Amino acid sequence: MRKKLKVVELFAGVGGFRLGLEGWQGKSPSSNYTQPLETDYDIVWSNQWEPSTKTQHASAIYEKRWPNSIHSNEDIAVVETSKIPDHDLLVGGFPCQDYSVATTLKNAKGLIGKKGVLWWSIHRILSEKERKPAYLLLENVDRLLISPSKQRGRDFAIILKSLADLGYAVEWRVINAGAYGMPQRRKRVFIIGYHQSTDLYHELKTQNANSWLLEKGIMAKSFPAAIAPKSTPTDLALSGSLPAISENFNRQKAKIVFQNTGLMINNRVHSLKTVENYSGVNKNLEDVLQQKAIPEEFYLPKEALKKWQYLKGAKKELRTKADGFEYYYKEGAMTFPDYLDRPSRTIITGEGGPAPSRFKHVIATPKGLRRLTPIELERLNMFPDNHTQLEKITNSKRAFLMGNALVVGVVEKLGKSLEAAITQLSELCHQPE
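Residues numbered from 1 in each chain as written. Predicted model: local features only at pLDDT ≥ 70, side-chain atom pairs only at ≥ 80, totals over all residues. Heavy atoms only, no water.

## Topic: the packing of aromatic side chains
Between two aromatic rings, the relevant description is the distance of the centres plus the angle of the planes. Applying the stated criterion to the full structure yields ten aromatic pairs. With 5.7 Å between their ring centres and 85° between their planes, tryptophan 24 and tryptophan 66 make a pair best called edge-to-face. Residue tryptophan 24 is found in the loop between α1 (16-22) and β2 (41-47), and its partner tryptophan 66 is found in the loop between α2 (57-65) and β3 (71-72); the two are separated by 42 residues along the sequence. When the ring of tyrosine 194 is compared with that of tryptophan 212, the centres are 6.2 Å apart and the planes differ by 85°; the resulting orientation is edge-to-face. Of the two residues, tyrosine 194 sits in strand β9 (residues 187-195) while tryptophan 212 sits in helix α6 (residues 209-216), which places them 18 residues apart along the sequence. Overall, the relative accessible area of 2% leaves tryptophan 212 in the buried class. (Phe/Tyr/Trp six-rings, centres within 6.5 Å; stacked < 30°, edge-to-face > 60°. Helix = DSSP H or I, 4+ residues; strand = E, 2+ residues; numbered from the N terminus. Buried < 20%, exposed > 50% of the residue type's maximum accessible area, 1.4 Å probe, protein only.)

Below is the structure:
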């Protein structure tokens, strides 16, 4: 029997990472929870805290779905590292915020970031853990690679440098779930960290960077890709302290420092632009639609149709600011109704509720135009049906939770490839002589 890989799930939401790694009731997300998912992952501790709301909806759902797990519903910034069990893999979708840092006045080696920036909670845990997790699997919006606008790439440089200082090599890829057969076009950057104590770290050191990123690495095996036409790889060294990087990185205002695929080891960064190389089965929006009767509340009232058409349509309007300044506001047309024969657009947190909106999904049915139901939104993220259904949680809140979630199938594929690589290298490197 193989040893379980102990996992800590931070910023857990309603459990997307857990579903991807463990499945649901032993079944695989990519099979619509009909086929077994054999996994060696074991979530030993999780944390979910929403600071902007009194009622902790996501945490309540998490605890309902996994009632026997060790789950924390308190601000991770005040959770003592000693209360978090040692683990092999740390996962989480941390928010995209301002990661700027400075030295403390009393201790030149100390760091202070903006209060409430959750990356520094990850950094603290990794710093204080004597037995650091062997692997990291993190997720964020793809604009992380180009933030902030006045110092493009600085925030990601801070993250990479801080992980390098903690003994990790890092691989990343911007993955569009819909380009790999999943039912939603959702671009997110996924980050895998390998601690210097692991066989995978030492294997990475022996590999050519492009070979790892396009053939041999975890991302490449999970999501095949090719170098984009006419793209030029970028290489740079992350030198200096974190405060120095925070202050000085990319003051030359280069538009692109970190491309959509890359790795960092020993403070050296190599990145390149890739395009998807997928030839499997595709799931489309029509494949997730419920076949049973849909409640009337999801159909667009006839009297609201003009408002929907206006918001979805192209515009060029003369507008006036409070100080009297006049300007033209322009925006292109949105697809209305949404195409059924392709993956859906990205789900947003404002997907729920009857109010007309430019960004909500609307589909055409024989009965009329309607919005998507909570179950359909769950299916677009590859969650089990009614995963977010709980007493006193409204349909709008369920939609909000899915707008904050990730596509579970991406985590499943990455988890499988990581586990396979760990097992293969362990058997290869630790054979008896």
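From this point, the discussion proceeds with the structure in view.
## What about the environment of valine 281?
Position of valine 281 relative to the elements: it lies in the loop between β14 (274-276) and α9 (305-312). Overall, the relative accessible area of 68% leaves valine 281 in the exposed class. Linking valine 281 and methionine 182, residues 99 residues apart in sequence, is a C-alpha distance of 8.8 Å.

## Focus on the pairing of strand β17 (residues 362-365)
Bridge analysis of β17 against strand β18 (residues 368-371) gives four bridges, and the strand direction is antiparallel. Directly across from isoleucine 363, in β18, lies its bridge partner arginine 370. What sits between β17 and β18 in their antiparallel hairpin is a turn of two residues. (Pairing = 2+ DSSP bridges.)

## Here's the deal with α6
An α-helical segment advances 3.6 residues per turn. Residues three or four places apart therefore align on the same side. Among all positions of α6, only Ser211, Trp212 and Leu213 are buried. Packing partners of the buried residues in α6 comprise β8 (168-176), β9, α5 (199-206), α7 (218-222), β12 (261-265) and β13 (268-272). (Contact = heavy atoms within 4.5 Å.)

## Concerning unusual backbone geometry
A cis amide bond, omega -5°, links serine 147 with the succeeding residue proline 148. Note the cis peptide between phenylalanine 336 and proline 337, where omega equals 0°. Along the chain, the position of proline 337 falls in the loop between β16 (326-331) and β17. Look at lysine 230: it is not a glycine, yet its phi comes out positive at around 65°.

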